[in-house]
Amino acid sequence: MNARARLTILYAALVFAAGTLLTTLTYLLMRGNGGHRISVITLGPAPDAMPPLPPSIQAVTLTDFITQAALALAVVTALAAVAGWLVAGRVLRPIRTISATAQRLSAENLSERVPVTRPLDELATLAGTVNGMLDRISDGVAERDRVLASQRMFTANAAHELRTPLTTMRTAIDVTLDSRPGTEELLAMTADVRTAVEQSRRTLDALLALAHSQAGPGVRHRVDLAEVVAHSLGGVDLTVRADLRPAPVRGDPVLLERLCGNLVDNAVRHNCPGGRVEVATGGAGGRAFLRIGNTGAPIASEAVDRLREPFVRGDGPRIHTGRGTGLGLSIVDAIVAAHRGELTIAARPAGGLDVVVHLPAGEHSG
């Protein structure tokens, strides 16, 4: 039995019970008052008293009342059942709509939503709750697809980046051992192998740092970005313009140090001879910021967002230039996301990049 039938039976039963109770009370009142004297208005001389109704008339009256009341109660109960069926269908229509919408949804189709009726009663609230749940599920599925696509691309790129140094080492060894190498050839081969091993080590270290960043920060402490950036700027050979004001945040000190170091390293590596690096830190409105800009080769605006992707460098994807692993900004992006911040990258018209990081401020030590 569905909900509509149950509501109809309940509504009809309530009407029947109320009618039965009303009929019973009326019957008892009539029976109790049946022996009382009645007063009538007469035009002639009034008698001293009127006799009570004869028992036969009282019995007939009560019998007729019960018969007519039962018939009326049956008719009213039937009408109540019909009205209850129609009212229950009207009330349950939003629930049927929600059920039909849920049956049409799937992992590939989460765009449909339940219509919210007026007035905003409990059923409208339920429809809004279901729509909110569908929005969260849709966002989760979209995020899952994005992460899976990113992981597939990352895996392919990582395999390519790690295979290249291995190929270099294998080629250097095979070419050297094809003949009777002397000391000079062996030293050259050793230098090539060492360079390839160092490249592999840097790539693996960057991959581990990226995985650590995506896992989220550990124990949070108070960290001043100004102090971390000042430490990262030590030993920079280029011209540095620094405006370092206090920028306290709460986060993982190791990850935040890696964030600042990667941004400074990126600004130095992708610069030009005689170029400069501009750094500023500060805080306002409950947020701390770190801004790093550099001179360098012009970058197309449509290629800026791709710099967040793993193994994509300013001079093209997967191009070995000896200038880093191509994971610097990917690690920065992951660290900023783990700290619930915002990363903005913009190309300068004259060349180079402006990178701005906003993080929630942290005024208390941890």
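How each quantity is defined
- Residues numbered from 1 in each chain as written.
- Predicted model: local features only at pLDDT ≥ 70, side-chain atom pairs only at ≥ 80, totals over all residues.
- Heavy atoms only, no water.
- Helix = DSSP H or I, 4+ residues; strand = E, 2+ residues; numbered from the N terminus.
- Buried < 20%, exposed > 50% of the residue type's maximum accessible area, 1.4 Å probe, protein only.
- Contact = heavy atoms within 4.5 Å.
- Areas by Shrake-Rupley, 256 points an atom, 1.4 Å probe, with all protein chains shown as cover.
- Arc of directions from axis to C-beta.
- Polar contact = N/O pair within 3.5 Å; in protein donor to acceptor, adjacent residues only side chain to side chain.
- Core = buried A, V, L, I, M, F, W, Y, C linked by side-chain atoms within 4.5 Å.
- Axes fitted to C-alpha atoms, helices over the stretch in contact; angles between N-to-C directions.
- Parallel < 35°, antiparallel > 145°, perpendicular 65-115°, else oblique.
- Left-handed = near helix turned anticlockwise from the far one by under 90°.
- Pairing = 2+ DSSP bridges.
- Salt bridge = Lys/Arg side-chain N within 4 Å of Asp/Glu carboxyl O.
- pLDDT = per-residue confidence, 0-100.

A closer look at the overall build of the protein chain
- The number of helices and strands found in the protein chain is 7 helices and 9 strands.
- For the protein chain, the residues scored as buried account for 32% of the 366 residues in total.
- The long-range share in the protein chain, meaning contacts at least 24 apart out of those at least 6 apart in sequence, stands at 70%.
- Put simply, the protein chain shows about 22400 Å² of open surface, and 61% of that area lies on carbon and sulfur atoms.

Topic: helix α5 (residues 225–232)
- Within α5, burial applies to Leu 225, Ala 226, Val 228, Val 229 and Ser 232. Buried positions in α5, seen along its axis, are confined to an arc of 165 degrees and lie on one side of it. Projecting away from the buried face of α5 at angles above 90 degrees are the exposed residues Glu 227 and His 231.
- At the N-terminal end of α5, a side-chain oxygen is found 3.1 Å from the backbone nitrogen of Ala 226, two or three residues along, and the residue is Asp 224.

Some words on unusual backbone geometry
- Not every positive phi belongs to a glycine, and Arg 340 is a case in point at roughly 60 degrees.
- You can see Arg 340 is positioned in the loop between α7 (328–338) and β8 (342–347).

A closer look at the nonpolar core
- Membership of the largest hydrophobic core comes to 34 residues, with the highest contact counts inside it found for Leu 259, Leu 263, Leu 290 and Ile 292.
- When contributions to this core are tallied by element, the ones reaching two or more residues are α5, α6 (253–269), β4 (276–284), β5 (287–294), α7, β8 and β9 (353–360).
- In terms of residue count, α6 provides more of this core than any other element does, 7 residues in total.
- In contact with Leu 259, not counting residues within four places along its chain, are Leu 290, Val 332, Ile 335 and Val 336.
- Residues Ile 98, Ala 127, Val 130 and Leu 134 belong to the second largest nonpolar core, which totals 6 residues.

Considering the packing of α5 against α6
- One way to put it is that α5 packs onto α6 with a least axis distance of 9 Å and a crossing angle of 50 degrees. Compared by their axis directions, α5 and α6 come out oblique. Crossing angle aside, the handedness with which α5 passes α6 is right-handed. Between α5 and α6, the residues in contact are Leu 225, Val 228, Val 229 and Ser 232 and Leu 256, Glu 257, Cys 260, Gly 261 and Val 264, respectively.

Some details on the sheet that holds β8
- Spatially, the 5 strands line up as an open sheet ordered β2-β4-β5-β9-β8, and their pairing is mixed. Only two strands of the sheet have a single neighbouring strand rather than two, namely β2 (239–244) and β8. Ignoring strand direction, the axes of neighbouring strands in this sheet form an average angle of 10 degrees.
- Two elements, β5 and β9, share 7 bridges in a ladder whose sense is antiparallel. In the sheet register, Ile 292 faces β9, and the bridge partner there is Val 355.
- In the packing of α5 onto the sheet, the strands contacted are β2, β4, β5 and β9, and the crossing angle to β4 comes to about 165 degrees.
- Against the sheet, α6 touches β4, β5 and β9, its axis set at about 20 degrees to β5.

Quick look at the pattern of salt bridges
- Evaluation of the coordinates by the stated rule reveals 8 salt bridges.
- For Asp 243, the salt bridge is made with Arg 245, and the minimal N-O distance between the two is 3.4 Å.
- Given a relative accessible area of 38%, Asp 243 falls into the partly exposed group.
- For Arg 245, a relative accessible area of 53% corresponds to the exposed category.
- The salt bridge partner of Arg 348 is Asp 354, with a shortest N-O separation of 3.1 Å.
- Under the relative-accessibility criterion, Arg 348 is labelled buried at 17%.
- Shared partners join several salt bridges into a network, and the residues in it are Arg 241, Arg 276, Glu 278, Arg 348 and Asp 354.

Description of the confidence of the model for the protein chain
- The pLDDT averaged across the protein chain works out to 79; a share of 81% of its residues lies at or above 70.
- pLDDT under 50 marks residues 316–322. Its contacts with residues more than four places away, or in other chains, come to 15 contacts.

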